[in-house]
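Residue-level listing of the chains:
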Amino acid sequence: MKPTILTVIALLAVHLAVALPAAAAEGDYHINPGDVLIVTVWNEQDLTMEALVRPDGKFSFPLAGELQPSGRSVADVQAEIKQRMETYIPDAVVTVRVKETTGNVAYVVGKVNRPGPVPMVQDTTVMQALAYAGGTAQFAKLGSILILRMSGGTQTALPFDYDDMLDGKGLEQNVVLQPGDTVVVP
């Protein structure tokens, strides 16, 4: 029996009702090396600056010193700057904004039409990254794609079978990419 349009809409609504709270629970955007932040302290003109998060995940800010924002939320970094400045400016009103998310990229390499970085302005799955790369090339080994991921100094390889995805199987392998992930298409 074919599902009716109302059945499909009802299933979609249930999926969204479950998925949205889960996504919100994961928290805010986490800062990455390469991101550009704007840090301001209200009523302190000399304490307004753009800060590029260096490859080591740090940046410097007057009166607060070296900060490690990489992997942390904007709210966390904002609270740390305020706490570090408390001695110099009691009750400072600190604002941190992400101006550019240029550090939020994954990479697609190998037998694709446009290998290179994939800017991730929203959650990006493996299939979406492959689409951004212009799709796979003619002789790509679609059943042997790997996602290389660094975690805690250790690199892991997650298998991805494009053919299974096309058949609607193994949908769980279409993971959301993390900054720095590399999709390898042999």
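What counts, and where the lines are drawn
Residues numbered from 1 in each chain as written. Predicted model: local features only at pLDDT ≥ 70, side-chain atom pairs only at ≥ 80, totals over all residues. Heavy atoms only, no water. Helix = DSSP H or I, 4+ residues; strand = E, 2+ residues; numbered from the N terminus. Buried < 20%, exposed > 50% of the residue type's maximum accessible area, 1.4 Å probe, protein only. Contact = heavy atoms within 4.5 Å. Areas by Shrake-Rupley, 256 points an atom, 1.4 Å probe, with all protein chains shown as cover. Pairing = 2+ DSSP bridges. Axes fitted to C-alpha atoms, helices over the stretch in contact; angles between N-to-C directions. Expected span 1.5 Å × (residues − 1). Arc of directions from axis to C-beta. pLDDT = per-residue confidence, 0-100.

(A) Representation of the overall build of the protein chain. What the protein chain contains, in helices and strands, is four helices and 10 strands. N-terminal to C-terminal, the α/β element order of the protein chain is α-β-β-β-β-α-β-β-β-α-β-β-α-β. For the protein chain, buried positions account for 31% of its 186 residues. Counted over contacts in the protein chain with a minimum sequence separation of 6, partners at least 24 positions apart contribute 49%. Entry remark: accessible area of the protein chain is about 11,400 Å², with carbon and sulfur atoms responsible for 59%.

(B) Structural context of the sheet that holds strand E1 (residues 36-41). In space, the three strands of this open sheet follow the order E2-E1-E5, with antiparallel pairing throughout. With partners counted over all chains shown, the strands left at the sheet margins are strand E2 (48-52) and strand E5 (94-100), one partner each. Averaged over all adjacent pairs, the angle separating strand axes in this sheet is 25 degrees, with direction ignored. Here E1 runs beside E2; their pairing, made up of five bridges, is antiparallel. Across the sheet, the residue bridging to valine 39 is methionine 49, located in E2.

(C) Spotlight on helix H2 (residues 74-85). Taking 1.5 Å as the rise per residue, H2 with 12 residues should run 16 Å; its terminal C-alpha atoms sit 17 Å apart, in good agreement. Residues of H2 that are buried: Val74, Val77, Glu80, Ile81 and Met85. Within H2, the buried residues cover an arc of 130 degrees as seen down the axis, which keeps them to one side. Buried residues in H2 make contact with E1, strand E3 (59-61), strand E4 (65-67) and E5.

(D) Looking closely at the sheet that holds strand E7 (residues 116-119). With respect to topology, five strands assemble into an open sheet ordered E7-E6-E10-E8-E9, the strand pairing being mixed. Looking along the sheet, the strands with just one partner apiece sit at the ends: E7 and strand E9 (154-160). Each strand of the sheet is rotated relative to its neighbour by a mean of 25 degrees, with strand direction disregarded.

(E) Region of the structure containing the confidence of the model for the protein chain. On average, residues of the protein chain score 85 in pLDDT, and 85% of them are at 70 or above. When mean pLDDT is compared element by element in the protein chain, strand E10 (residues 182-185) scores highest at 96, while helix H1 (residues 5-25) scores lowest at 36. Low pLDDT, under 50, characterises residues 1-25; the stretch is placed with two contacts to residues that sit more than four places away or in other chains.

(F) Focus on the environment of threonine 182. For threonine 182, the position within the fold is in strand E10. Residue threonine 182 is classed as buried on the basis of its relative accessible area of 18%. For the pair threonine 182 and methionine 150, spaced 32 residues apart in the sequence, the C-alpha separation amounts to 9.4 Å.

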